[in-house]
Protein chains: 2
Amino acid sequence: MNGEIISIGTELLLGQIINTNTRYLSEKLAGLGINVYYHTSVGDNKKRIMDALTIARSRAQLIILTGGLGPTDDDLTKETLAEFLNLSLEINPEELAKLKEFFARRNSEMTENNIKQAAFVPGATILVNDRGTAPGMALQHEGCAYLILPGPPVEMEHMFSQYAVPWLRENVIPPGTKGLFSHVLKFVGIGESKLEWMLKDLFVRQTEPTLALLAKSGEVHLRLTARARDKEEFLQIIFPLVREIRERVGEYLFATDEVSLVDSIAEELKAQNLTVSTAESCTGGMLSQVLTSVPGSSLYFLGSITAYSNDIKTKILGVPEEVIAAHGAVSQETASFMANRIRELTGSMLGIGITGIAGPGGGSSDKPVGLVYIALAASDLHWSSGYHFTGDRDTIRQRATITALNLIRKYLGVSKR
Amino acid sequence: MNGEIISIGTELLLGQIINTNTRYLSEKLAGLGINVYYHTSVGDNKKRIMDALTIARSRAQLIILTGGLGPTDDDLTKETLAEFLNLSLEINPEELAKLKEFFARRNSEMTENNIKQAAFVPGATILVNDRGTAPGMALQHEGCAYLILPGPPVEMEHMFSQYAVPWLRENVIPPGTKGLFSHVLKFVGIGESKLEWMLKDLFVRQTEPTLALLAKSGEVHLRLTARARDKEEFLQIIFPLVREIRERVGEYLFATDEVSLVDSIAEELKAQNLTVSTAESCTGGMLSQVLTSVPGSSLYFLGSITAYSNDIKTKILGVPEEVIAAHGAVSQETASFMANRIRELTGSMLGIGITGIAGPGGGSSDKPVGLVYIALAASDLHWSSGYHFTGDRDTIRQRATITALNLIRKYLGVSKR
């Protein structure tokens, strides 16, 4: 079965917003076993929406329209679809009552044009909008299924997963249809090309599951994709391949699917009952901010000092002035002192020190932009080393943060043994 | 003149990546005065790319294709366009030499399939790729112009702005064509509905320039759009309206267009020769990280302490234990002490203290999730107050950060008088 997505809204054509709805819907449709061969975006214009529908109808058995369901004059989606199908729209009394109640609860006036949000093609299934005022609609007509969904992603995604998917499963998708599923393995501390080289034969012999590599700001993601009836069957299909990959490059693997590097570290810090604190210079608190982005982070994170000026490095953090004078603020020695000192000051079991040059200014021939020293201090271990990251200021700060997170991840593996 | 954008790549149809190229190109084409009525995405499939070209050709005089220019077998864009136009591809010796040199410089082997990146339609203009290996192409054929651009946004955007726009201006766009320009006014500290209410009559009487409101994580943006021959004429057209808006709600206006709240603060801190430091609890270093995201931030930012545990609040930051015992770690008093103490410790002119409950855990009936106290301390002034932010953990932390930035912005206005 072929599906097509038509996004409606002049703001898309003017480049005022990014279309995230097609990405979301495409991924979900793949999982449902519906092939998507085309996306179309079109403005709030009846004739052009009609043209897009005509073309899509010639190629697909499921057409999903998003956007243009609001109360204003430029919202034309339902009207245009009705005209395309030679059907009429009728006010649904229950939906109208719901709308009136919605406005009454907010003590705001319901204007005339809001009424059209309660209009539907007779016989169509109304899709509830729990996140906004415009309901959606699902119907079948002359061998083609149509889904009408709102444009705002928060409304659209909820309506699709809660109401449209069950409707599709019941009415449109043949039972036993195989969907396309993906499983992502996330690596850190290894480059894209090295990972590809170490898994070369797996890439060559791939048919299903297929493999795809994706470099992502300091991490490398490996996506395994296969067709299966459901998630469980999919996991069985990919199991031998995942085991093989783990055996070869498991030491760089930190998480799968939606789990992020910091999530996996947070879980392990809590499991091992460890605490951490950070002393940062060029990252300016980015590591601290990432470590505290996880709910419950107060269980393992004690605190952080962003020592941006040398004065703060010596006075508050207590890095000896002689060390900075002899080696410079950006040096392995300073990073080491920062890691040790924050550990002592906060009483944490782990201390991280980061100092470097994020740029674009401040670089020199012996200490260029992108040079960053990172140190990890623990009671039983002290690591420190220098890195040379490339990219703009934000990229350098992000890479330093990910490298520091990876140091923590490595320590957690060591401490477990 | 009508333009259409065709994005090519199966990963788009599987929902594996978000299509940011169409947003970028649409905005630029609007500025060039080219109407875009349709976007299409299609997979790496010759027949379907041909179909998309046929449809686009019937509606547009400029067709932009992005993606599918790489060396691998599924990269079909140039071949398919050549077939569509009944033209052939020929290897360009100069481009082939460049490619060979590129691989030689990296000491990596140039495989056979890389050669096709040097193939072009004879007579076409080659668009240089300064960010990758696949050059683009521009040509005119039977009354229609074609631009072939690479898929990776960093390559595509550079090639478009540097090489495609000059080609379009010289060959395709009639001189004097009016483009659609936008100017964004950014507000903070005022809600979307209040701003709309205060500018209500301007919205009603709008024809050109048109006005559009957009709420964006703690900020509200107002977009003014009008047609003009160039940016200068555009600024003249919108000037009276901008003046009127500034008179009414100027106190909430912090920046325009691409300038962010932190950019505008950074500039003003530097201009007034002021320094700032932060003491953060629930934001976990987010404010520090944002304040140091601007190049040259060491001129105004001294340092920060993330005092996540109460122990750190008392021992390192020096908030009296009695204050925390009497009022709690999340209290106006603690925030005030944090702001004062970080100012004293670092010797900065401004100190910011933030303490609150970002959730999802840790809330209680009298101190619910989302309660945040923020204080600003200066030699001549002390502000502190409580806020109740809604949303998830990340949203609460972001709103607290933006509110703190807005406090700094307000202080900078006061200190200037």
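This structure is a prediction, so every number in the text was calculated from the model and none was measured. (Residues numbered from 1 in each chain as written. Chains lettered and ligands numbered in written order. Predicted model: local features only at pLDDT ≥ 70, side-chain atom pairs only at ≥ 80, totals over all residues. Heavy atoms only, no water.)

Remarks on the overall build of chain A
Then step 1. A tally of helices and strands in chain A yields 15 helices and 17 strands.
Then step 2. If you line up chain A on its principal axes, its C-alpha atoms span 85 × 60 × 40 Å.
Then step 3. Per-residue burial for chain A yields a buried fraction of 53% across its 417 residues.
Then step 4. Taking all contacts inside chain A whose residues are at least 6 apart in sequence as the whole, residues at least 24 apart take part in 66%.
Then step 5. As displayed, chain A offers around 18000 Å² of accessible surface, 50% of which is attributable to carbon and sulfur atoms.
Then step 6. Taking the average place of the 41 positive charges on the side chains of chain A and the average place of its 47 negative ones, the gap between the two points comes to 5 Å. (Helix = DSSP H or I, 4+ residues; strand = E, 2+ residues; numbered from the N terminus. Buried < 20%, exposed > 50% of the residue type's maximum accessible area, 1.4 Å probe, protein only. Contact = heavy atoms within 4.5 Å. Areas by Shrake-Rupley, 256 points an atom, 1.4 Å probe, with all protein chains shown as cover. Lys, Arg positive; Asp, Glu negative; His and termini not counted. Charge placed at Lys NZ, Arg CZ, Asp CG, Glu CD.)

Focus: the pattern of salt bridges
Then step 1. With the rule as written, the count across this model stands at 24 salt bridges over all chains.
Then step 2. Between A:Arg105 and A:Glu101 there is a salt bridge, and its shortest N-O distance comes to 3.1 Å. Taken as a pair, A:Arg105 and A:Glu101 lie in helix H5 (residues 93–105) at a separation of 4 residues, close to a single helical turn.
Then step 3. The class of A:Arg105 is exposed, set by a relative accessible area of 56%.
Then step 4. One salt bridge in this structure joins B:Arg248 and B:Asp201, with 2.8 Å as the shortest N-O distance. Of the two residues, B:Arg248 is situated in helix H9 (residues 231–249) and B:Asp201 in helix H8 (residues 200–204); the sequence distance between them amounts to 47 residues.
Then step 5. The exposure class of B:Arg248 is partly exposed, given its relative accessible area of 27%. (Salt bridge = Lys/Arg side-chain N within 4 Å of Asp/Glu carboxyl O.)

Things to note about the environment of B:Asn114
Residues and elements named next belong to chain B.
Then step 1. By the secondary structure assignment, Asn-114 is in the loop between helix H5 (93–105) and strand S5 (119–120).
Then step 2. Given a relative accessible area of 7%, Asn-114 falls into the buried group.
Then step 3. The residues touching Asn-114, leaving out its near neighbours within four places in the chain, are Pro-71, Leu-99 and Phe-103.
Then step 4. Of note is the side chain of Asn-114, whose polar atom sits 2.8 Å from the side chain of Gln-117. (Polar contact = N/O pair within 3.5 Å; in protein donor to acceptor, adjacent residues only side chain to side chain.)

Some points on the relation of the copies chain A and chain B
Then step 1. The two copies are related by a screw motion: chain A maps onto chain B through a turn of 179 degrees and a shift of 0.4 Å along the axis, at an RMSD of 0.5 Å. The symmetry that links the two subunits is that of a two-fold axis.
Then step 2. The fraction of interface residues of chain A whose copies in chain B are also interface residues reaches 100%, indicating that both copies meet through the same surface. (Least-squares fit on C-alpha atoms with pLDDT ≥ 70 in both.)

Some remarks on the sheet that holds strand S10 (residues 210–216) of chain B
Pairing between sheet strands relies on hydrogen bonds along the backbone, with the strands arranged either parallel or antiparallel.
Residues and elements named next belong to chain B.
Then step 1. Within the open sheet, the 4 strands sit side by side as S10-S11-S9-S12. Their pairing is antiparallel. For this open sheet the edge positions go to S10 and strand S12 (253–256), each flanked by a neighbour on one side alone. The average undirected angle you get between the axes of adjacent strands in this sheet is 25 degrees.
Then step 2. Bridge analysis of strand S9 (residues 179–188) against S12 gives 3 bridges, and the strand direction is antiparallel. Its bridge partner lying in S12, Lys-186 is registered against Ala-255.
Then step 3. Relative to the sheet, H9 contacts S9, S10, strand S11 (219–228) and S12, its axis offset from that of S11 by approximately 145 degrees. (Pairing = 2+ DSSP bridges. Axes fitted to C-alpha atoms, helices over the stretch in contact; angles between N-to-C directions.)

A word on the interface of chain A and chain B
Then step 1. At the junction of the two partners, chain A supplies 58 residues and chain B supplies 58 residues.
Then step 2. For the pair chain A and chain B, the summed buried area comes to about 4600 Å², and 58% of that belongs to carbon and sulfur atoms.
Then step 3. Considering only the side of chain A, the residues that lose the most area to chain B are A:Leu13, A:Tyr38 and A:Tyr308, jointly responsible for 12% of the buried surface there.
Then step 4. Scanning the region where chain A abuts chain B turns up 0 salt bridges. (Buried area = accessible area lost by both parts, 1.4 Å probe.)

Describing the environment of A:Tyr308
Then step 1. With respect to the secondary-structure elements, A:Tyr308 resides in the loop between strand S14 (301–307) and helix H12 (310–315).
Then step 2. Separated by 23 residues in sequence, A:Tyr308 and A:Gly285 have C-alpha atoms that sit 9.7 Å apart.
Then step 3. Contacts of A:Tyr308, omitting those with residues within four sequence positions, involve A:Ser281, A:Cys282, A:Gly284, A:Lys313, A:Arg393, B:Thr292, B:Ser297, B:Ser298, B:Phe301, B:Leu302 and B:Gly303.

Section: the sheet that holds strand S15 (residues 350–356) of chain B
Then step 1. Taken in spatial order, the 10 strands of this open sheet run S17(A)-S16(A)-S15(A)-S13(A)-S14(A)-S14(B)-S13(B)-S15(B)-S16(B)-S17(B), and their pairing is mixed. Whereas interior strands pair on both sides, the edge strands pair on one side only; in this sheet they are strand S17 (381–388) of chain A together with strand S17 (381–388) of chain B. Strand-to-strand twist across the sheet, computed as the mean angle between neighbouring axes with direction ignored, equals 10 degrees.
Then step 2. With 5 bridges connecting them, strand S13 (residues 276–280) of chain A and S14(A) associate as parallel partners.

A look at the packing of helix H3 (residues 46–57) of chain A against helix H4 (residues 77–84) of chain A
All names here are of chain A.
Then step 1. Packing of H3 against H4 brings their axes to within 10 Å, and their N-to-C directions diverge by 55 degrees. The angle between H3 and H4 places the two elements in the oblique class. Like other packed secondary-structure pairs, H3 and H4 cross with a definite hand, here right-handed. Two secondary-structure elements touch here, H3 through Lys-46, Ile-49, Met-50, Leu-53, Thr-54 and Arg-57 and H4 through Thr-80, Leu-81, Glu-83 and Phe-84.
Then step 2. Of the residues assigned to the contact of H3 with H4, the class counts are 5 nonpolar, 2 polar and 3 charged. (Parallel < 35°, antiparallel > 145°, perpendicular 65-115°, else oblique. Left-handed = near helix turned anticlockwise from the far one by under 90°. Nonpolar A, V, L, I, M, F, W, Y, C, P; charged D, E, K, R; others polar.)

Points about the domain arrangement of chain A
Interfaces are often sized by the amount of accessible area the parts lose when they come together.
All names here are of chain A.
Then step 1. Here chain A is described as being made up of domain 1 (2–171), domain 2 (179–256) and domain 3 (261–416).
Then step 2. Placing the centre of domain 2 and that of domain 3 at their C-alpha centroids yields a distance of 30 Å.
Then step 3. Note on domain 2 versus domain 3: buried area summed over both sides is about 630 Å², and carbon and sulfur give 58% of it.
Then step 4. Seen at the junction of domain 2 and domain 3, the total is 0 salt bridges. (Domains from an automatic or database assignment.)

Here we look at the side chain of B:Thr306
Then step 1. Structurally, the position occupied by B:Thr306 is in strand S14 (residues 301–307).
Then step 2. A relative accessible area of 0% places B:Thr306 in the buried class.
Then step 3. Sequence-distant contacts of B:Thr306, that is, excluding residues within four places in its chain, are made with A:Ser288, A:Phe301, A:Leu302, A:Gly303, A:Ser304, B:Glu280, B:Ser281, B:Gly284, B:Gly285 and B:Ile312.

A closer look at the UniProt feature "domain: MoaB/Mog" (unreviewed entry) in chain A
Then step 1. UniProt's entry tags residues 4–171 of chain A with the feature "domain: MoaB/Mog" (unreviewed entry), counted in the numbering of this structure.
Then step 2. Structurally, residues 4–171 of chain A comprises 40% helix and 22% strand, and the distance from its first C-alpha atom to its last is 17 Å. (UniProt positions renumbered as here; feature names shortened; annotations may be inferred.)

Examining the nonpolar core
Residue and element names in this part refer to chain A.
Then step 1. Judged by nonpolar contacts, the single largest core of 36 residues is most densely connected at Val-276, Leu-291, Ile-352 and Ile-408.
Then step 2. In terms of residues, this core owes the most to one element, helix H15 (residues 393–416), which gives 9 residues.
Then step 3. Each of two domains, domain 2 (179–256) and domain 3 (261–416), supplies a minimum of three residues to this core.
Then step 4. What Ile-408 contacts, discounting residues up to four positions off in sequence, is Ile-265, Val-276, Leu-291, Leu-350, Ile-352 and Leu-376. (Core = buried A, V, L, I, M, F, W, Y, C linked by side-chain atoms within 4.5 Å.)

Quick notes on H9(B)
Then step 1. Remark: the principal bend of H9(B), roughly 45 degrees, maps to B:Phe239, with a proline, B:Pro240, within the next four residues.
Then step 2. For H9(B), the complete set of buried residues consists of B:Glu233, B:Phe234, B:Ile238, B:Leu241, B:Val242, B:Ile245 and B:Val249. (Bend = angle between axes of the 7 residues up to and from the residue.)

Quick word on the pairing of S17(B)
Residue and element names in this part refer to chain B.
Then step 1. In this sheet, S17 lies alongside strand S16 (residues 371–378) in antiparallel orientation, the contact comprising 8 bridges. The residue of S17 that forms the bridge with Val-372 is Tyr-387.
Then step 2. In this antiparallel pair of consecutive strands, S16 and S17, the connection spans 2 residues.

Observations regarding empty space enclosed by the protein
Then step 1. In total, this model carries 3 cavities of 30 Å³ or more according to the counting rule given.
Then step 2. Roughly 170 Å³ of internal volume is contained in the largest cavity.
Then step 3. In terms of lining residues, the largest cavity is bounded by 18 residues, among which A:Asn19, A:Thr22, B:Asn19, B:Thr22 and B:Ser41 are the most central.
Then step 4. Every element with two or more residues in the lining of the largest cavity is listed here: helix H2 (21–31) and strand S2 (35–42) of chain A together with helix H2 (21–31) and strand S2 (35–42) of chain B. (1 Å grid on protein atoms, 1.4 Å probe; cavity = no way out; pocket = protein on both sides within 12 Å on 5 of 7 lines; lining within 4 Å. Points joined across faces, edges and corners; volume = space filled by probe spheres on them.)

Concerning unusual backbone geometry
Then step 1. Here the bond from A:Gly359 into A:Pro360 is cis, since omega is 0 degrees, no more than 30 degrees from zero.
Then step 2. With respect to the helices and strands, A:Pro360 occurs in the loop between strand S15 (350–356) and strand S16 (371–378).
Then step 3. Phi is positive for A:Glu142, close to 45 degrees, though the residue is something other than glycine.
Then step 4. Locating A:Glu142 in the fold gives a position in the loop between strand S7 (136–141) and strand S8 (144–149).
Then step 5. With a phi angle near 55 degrees, B:Asn86 is a residue other than glycine that sits in the positive phi range.
Then step 6. Following the sequence through the fold, B:Asn86 ends up in the loop between helix H4 (77–84) and strand S4 (90–91).

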